[in-house]
Amino acid sequence: MLALPELGLQGLYIGSSPERSPVPSPPGSPRTQESCGIAPLTPSQSPKPEARTPQQASFSVVVAIDFGTTSSGYAFSFASDPEAIHMMRKWEGGDPGVAHQKTPTCLLLTPEGAFHSFGYTARDYYHDLDPEEARDWLYFEKFKMKIHSATDLTLKTQLEAVNGKKMPALEVFAHALRFFKEHALQELSEQCPSLPGKDTVRWVLTVPAIWKQPAKQFMREAAYLAGLVSRENAEQLLIALEPEAASVYCRKLRLHQLLDLSSRAPGSRRLGERRSIDSSFRQAREQLRRSRHSRTFLVESGVGELWAEMQAGDRYVVADCGGGTVDLTVHQLEQPHGTLKELYKASGGPYGAVGVDLAFEQLLGRIFGEDFIATFKRQRPAAWVDLTIAFEARKRTAAPHRAGALNISLPFSFIDFYRKQRGHNVEKALRRSSVNFVKWSSQGMLRMSCEAMNELFQPTVSGIIQHIEALLSRPEVQGVKLLFLVGGFAESAVLQHAVQAALGTRGLRVVVPHDVGLTILKGAVLFGQAPGVVRVRRSPLTYGVGVLNRFVAGRHPPDKLLVRDGRRWCTDVFERFVAAEQSVALGEEVRRSYCPARPGQRRVLINLYCCAAEDARFITDPGVRKCGALSLELEPAPADGSPDAAGAPPGRREIRAAMQFGDTEIKVTAVDVSTNRSVRAAIDFLSN
């Protein structure tokens, strides 16, 4: 192994044994490894990444599942007419005044852990259970955010049901995805009996763009367990980033399908009264009418009228405000084909609508006691669900300038349970509390002033605005003309008013699609039909591996010096594959070649490291962490001792790996140069 540098190689990987992945030594520790693991056969300063055109498989139909924090749904379109998007049927059950093209993200399992129901059916059945019986059932709601918030997400991560019982998160997600798979395939079979089979379906799962690689891999693993696709046909499943999907859909919209929140004089109308965006672009449309051929080409190419008004290079922001997160992405329109280029890495945070629910729960804790609320949730879980449903209905009617107060019904079991626990009634608790903007209604309800309701929104809404303002201050984002407000939370009049008030002075046009709650779902279908529409993305992190380089005195720290067989090496060097904020085109590859430590080695594991900084030098630098492992499964080496296809001497085996960082997931392929056969390669982000 140590003769490899004589062949012009620039580094070596160190491992504690040939079969194990290399383990970096901490600074100052003795270098006692007896064997080298694998060696890179390409220089540290690798050639410019190569781009190739992704090969797209053919599918008869695309089914997208928008797995949301608060609500979920699916939609599909056929390859024969890709832009004719079919929404799911209206779900059974539901709430008055609420659109039923999505269903609540609620899962109910029997006391034995078997699947019972999902959505409205699960919520209503659980609601009707006897309180004593309900304690044994496993009811999960708004559980998607657990995957984002878990700092050590693995395949063994567990979720806690409302009754406190725990279950593997992978099984919970798989139950939900299996429900959508069966529901969608049943509807497809009824609409198109001649559909060849489920292998002709391309599935698309939506995830927040700010999700890290482990969370994306977790969703893919759940899809495998649910039977959506098999590992052998992994390309049958696409992971779509939610704000990207919304962007893909918005670029198809006509002017009359958009609402402009920006173009109005102060005080000219109340919140909720919106003006169509048509007049805002009338002047631009008149100018463009002089070049009708150009516009006709754009529209016929699948670009909506709004984009036909825009010029090549125009920039816009998509703010996906969902139940769990706010997700921001910045795109630049590339004409004439209407492809999209990401200008800044996805950003955002946990500032979704559930933040308002949490604020309401905290308010109840201030009035009735946090210990009581915790006990009530645990011992009367179905009644707690009733209370959250009642609040959700009133939350949807909240508006900044609403005149009247809002009444929130308290379940009878809440009133009765409080009296038994505390020895006095809820009305007395309200009089005793320091919360003076919530009263007890003579009709037996909590009566909240509009100011009180709006206060519940403020922490979450402020977080969203701060994130948008921070994004707009970035130099890469200068020149933005439009802000698309999408996602279920974007329907909130409180949020719309706050965003317009904060950002309107910037000259930014704030636009809301008419079907704002379905924007991501419809966009995910379009993305599944044409995954190459987002041509360039920005890497959110710097990725690389740890290597040994020749030690250079004065440039390398003395504590990194490793002497072996008379040669001086610098250990723990961070060899970068891609840098944070680097633009990476779809299909662009970063290639590296590796040599197994010994001829009979059947498996190679290479630790991957990541960090937010672009200029990390060593894998031991602050902020650099092990984030995954590249696995290469090798076939037996040729037994005749002949040179390989590349002419390398026997015993020296080259494995050439190609990694893609420009897609929604990091992908890897590998080839054994000696046989020119594909090597089973995978990146695991969940084994840490």
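Per chain, the residues get numbers from 1 upward, laid out in the order the sequence is written. Where local features are concerned, this predicted model is filtered to residues with pLDDT of at least 70; where side-chain atom pairs are given and counted, the filter is 80 or more; whole-chain, interface and lining totals use all residues. With hydrogens and water stripped out, all remaining heavy atoms of the structure feed into the side-chain values.

Caption draft 1: Representation of the overall build of the protein. Secondary structure elements are defined from DSSP: runs of H or I of at least 4 residues count as helices, runs of E of at least 2 residues count as strands, and each element is numbered from the N terminus. Tallying secondary structure elements over the protein gives 17 helices and 34 strands in all. With a 1.4 Å probe rolled over the protein chains alone, any residue whose accessible area is under 20% of its type maximum counts as buried; one over 50% counts as exposed, and the rest are partly exposed. Burial status across the protein gives 54% buried among its 688 residues. Contact between two residues is taken to exist if any of their heavy atoms lie within 4.5 Å; hydrogens are not considered. Within the protein, counting contacts between residues at least 6 apart in sequence, those at least 24 apart form 71% of the total. Each accessible area is a Shrake-Rupley estimate made with a 1.4 Å probe; only the visible protein chains count as cover when residues are assessed. Accessible area for the protein stands at about 29,600 Å²; split by element, carbon and sulfur atoms hold 49% of it.

Caption draft 2: Structural context of the nonpolar core. Nonpolar core, defined: a set of buried Ala, Val, Leu, Ile, Met, Phe, Trp, Tyr and Cys residues in which side-chain atoms within 4.5 Å join the residues together. Residues Phe140 and Phe368 are the most contacted members of the largest nonpolar core, which totals 147 residues. What marks off one domain from the next here is an automatic or database domain assignment. Two domains each donate at least three residues to this core, and these are domain 1 (61-242) and domain 2 (354-455). With near-sequence residues (within four places) excluded, Phe140 lies in contact with Thr105, Cys106, Leu107, Leu109, Leu159, Glu160, Ala161, Met167 and Val172. Counting 31 residues, the second-largest nonpolar core is a separate cluster that includes Val578, Val590, Tyr594 and Phe618.

Caption draft 3: Up close: the confidence of the model for the protein. pLDDT expresses, on a scale from 0 to 100, how confident the predictor is about each individual residue. Here the protein averages 81 in pLDDT, while 80% of its residues score no lower than 70. Between the elements of the protein, mean pLDDT differs from a low of 38, seen in helix 8 (residues 292-300), to a high of 97, seen in strand 13 (residues 237-241). Residue range residues 1-48 is modelled with pLDDT below 50. Its contacts to residues more than four positions away, or to other chains, number 131 contacts. Confidence over residues 264-303 falls short of pLDDT 50; this stretch has 65 contacts with residues more than four positions distant or in other chains.

Caption draft 4: Up close: the side chain of Lys181. By secondary structure assignment, the location of Lys181 is in helix 4 (residues 169-191). Buried Lys181, no salt bridge; nearest opposite-charge side chain is Glu182, N-O distance 5.0 Å. Those residues in contact with Lys181 that lie beyond four places of it in its chain are Trp203, Ala226, Gly227 and Leu228. Asp and Glu count as negative and Lys and Arg as positive, but His and the ends of the chain are not part of the count. By convention in these notes, a salt bridge is any Lys or Arg side-chain nitrogen within 4 Å of a carboxyl oxygen on Asp or Glu.

Caption draft 5: Representation of the packing of aromatic side chains in the model. Aromatic pairing here means that ring centres of Phe, Tyr or Trp (its six-membered ring) are within 6.5 Å. Orientation follows from the plane angle: under 30 degrees is stacked, over 60 is edge-to-face, and everything else is tilted. All chains considered together, the criterion is met by 26 aromatic pairs. Aromatic side chains Phe372 and Phe414 sit 5.3 Å apart centroid to centroid with 90 degrees between the ring planes, which places their arrangement in the edge-to-face category. Highlighted residues: Phe372 in helix 11 (residues 370-379) and Phe414 in helix 13 (residues 412-422), separated in sequence by 42 residues. Neither Phe372 nor Phe414 differs from the other in exposure class; each is buried. On the basis of an interplanar angle of 50 degrees and a centroid distance of 5.9 Å, the ring pair of Phe376 and Phe417 is categorised as tilted. Note that Phe376 is positioned in helix 11 and Phe417 in helix 13, a separation of 41 residues in sequence. Across this residue pair, the class does not change: Phe376 and Phe417 are buried. One aromatic cluster is present, built from ring pairs that chain together Phe368, Phe372, Phe376, Trp384, Phe414, Phe417 and Tyr418. Over the aromatic face of Trp211 sits the side chain of Lys144, whose NZ or CZ is 5.6 Å from the ring centroid. Counted as over-ring charges are cases with an Arg CZ or a Lys NZ within 6 Å of the ring centre that also lie within 35 degrees of the ring normal.

Caption draft 6: Focus on the pairing of strand 25 (residues 542-550). Burial runs high along strand 25: eight of the nine residues are buried. Bridging between strand 25 and strand 27 (residues 567-578) involves seven bridges; their strand directions are antiparallel. Residue pairing across strands places Tyr543 opposite Val578, the latter belonging to strand 27. At least two bridges found by DSSP between two strands are what make those strands a pair.

Caption draft 7: Fine view of the environment of Gly623. One can find Gly623 in the loop between strand 30 (603-611) and strand 31 (625-633). Separated by 13 residues in the primary sequence, Gly623 and Cys610 have C-alpha atoms spaced 8.2 Å apart. Filtering out sequence-adjacent residues up to four positions away, Gly623 remains in contact with Cys610 and Cys611.

Caption draft 8: Region of the structure containing the environment of Leu241. Here Leu241 lies in strand 13. In this structure Leu241 comes out as buried when scored by relative accessible area, which is 9%. Placed 37 residues apart in sequence, Leu241 and Val204 show a C-alpha to C-alpha distance of 10.0 Å. Leave out the neighbours within four places in its chain, and Leu241 touches Val207, Pro208, Ala209, Lys216 and Thr664.

Caption draft 9: Quick look at the sheet that holds strand 19 (residues 406-409). Taken in spatial order, the three strands make up an open sheet running 19-21-20, and their pairing is antiparallel. Edge strands, defined here as strands with exactly one partner in the open sheet, are strand 19 and strand 20 (438-440). Recorded for the sheet is a direction-independent mean angle of 30 degrees between the axes of neighbouring strands. Note that strand 20 and strand 21 (residues 445-448) share three bridges and pair antiparallel. All axes are obtained by fitting lines to C-alpha atoms, using only the stretch in contact for helices, and the reported angles, taken between N-to-C directions, cover 0 to 180 degrees.

Caption draft 10: Looking closely at the pattern of salt bridges. This structure, assessed with the given rule, holds 31 salt bridges. Close ionic contact of Glu361 with Lys377 constitutes a salt bridge, the shortest N to O distance being 3.0 Å. Linking Glu361 in helix 10 (residues 354-368) with Lys377 in helix 11, this pair joins segments that are 16 residues apart in sequence. Take Glu361: its relative accessible area is 24%, and that puts it in the partly exposed class. The class for Lys377 is partly exposed, based on a relative accessible area of 26%. Residues Asp572 and Lys560 are paired through a salt bridge, measuring 3.2 Å at the closest nitrogen-oxygen approach.

Caption draft 11: Quick look at the packing of helix 1 (residues 120-128) against helix 12 (residues 381-395). Where helix 1 contacts helix 12, the axes come no closer than 8 Å and their chain directions differ by 125 degrees. Looking at the two axes, helix 1 sits oblique to helix 12. The element helix 1 and its partner helix 12 pack so that their crossing is left-handed. Contacts between helix 1 and helix 12 involve Arg123, Tyr126 and His127 from the former and Pro381, Ala382, Val385, Asp386 and Ile389 from the latter. The scheme is simple: roughly parallel for angles under 35 degrees, roughly antiparallel for over 145, roughly perpendicular for 65 to 115, oblique for anything else. Helix crossings are classified by the rotation of the near helix relative to the far one: an anticlockwise turn of less than a right angle makes the crossing left-handed, while a clockwise turn makes it right-handed.

Caption draft 12: Seen up close, helix 12. Under the convention used throughout, the expected extent of a helix is 1.5 Å for every residue step, that is, one less than its residue count. In a regular helix each residue adds 1.5 Å, so 15 residues correspond to 21 Å; helix 12 covers 21 Å between its end C-alpha atoms and thus fits that length. Turning to helix 12, its buried residues number three or more, namely Pro381, Ala382, Ala383, Trp384, Val385, Leu387, Ala390, Phe391 and Lys395.

Caption draft 13: Broad picture of the packing of helix 10 against helix 11. Two numbers describe how helix 10 lies on helix 11: the axes approach to 6 Å, and their chain directions differ by 120 degrees. Considered as vectors, helix 10 and helix 11 are oriented oblique to each other. Where helix 10 abuts helix 11, its residues Glu361, Leu364, Gly365 and Phe368 lie against Glu370, Phe372, Ile373 and Lys377. Polarity classes work like this: nonpolar for Ala, Val, Leu, Ile, Met, Phe, Trp, Tyr, Cys and Pro, charged for Asp, Glu, Lys and Arg, and polar for all others, with Gly in that last group. A breakdown of the residues in the contact of helix 10 with helix 11 according to their chemical character gives four nonpolar, one polar and three charged.

Caption draft 14: Spotlight on unusual backbone geometry. Despite not being glycine, Asp565 has its phi angle at roughly 50 degrees, a positive value. The topology assignment puts Asp565 in the loop between strand 26 (561-564) and strand 27. For Asp565, a relative accessible area of 65% gives the class exposed. Its identity as a non-glycine residue notwithstanding, Glu581 has a phi of 75 degrees, on the positive side. Tracing the chain through its elements places Glu581 in the loop between strand 27 and strand 28 (583-585). Residue Glu581 is classed as buried on the basis of its relative accessible area, which comes to 12%.

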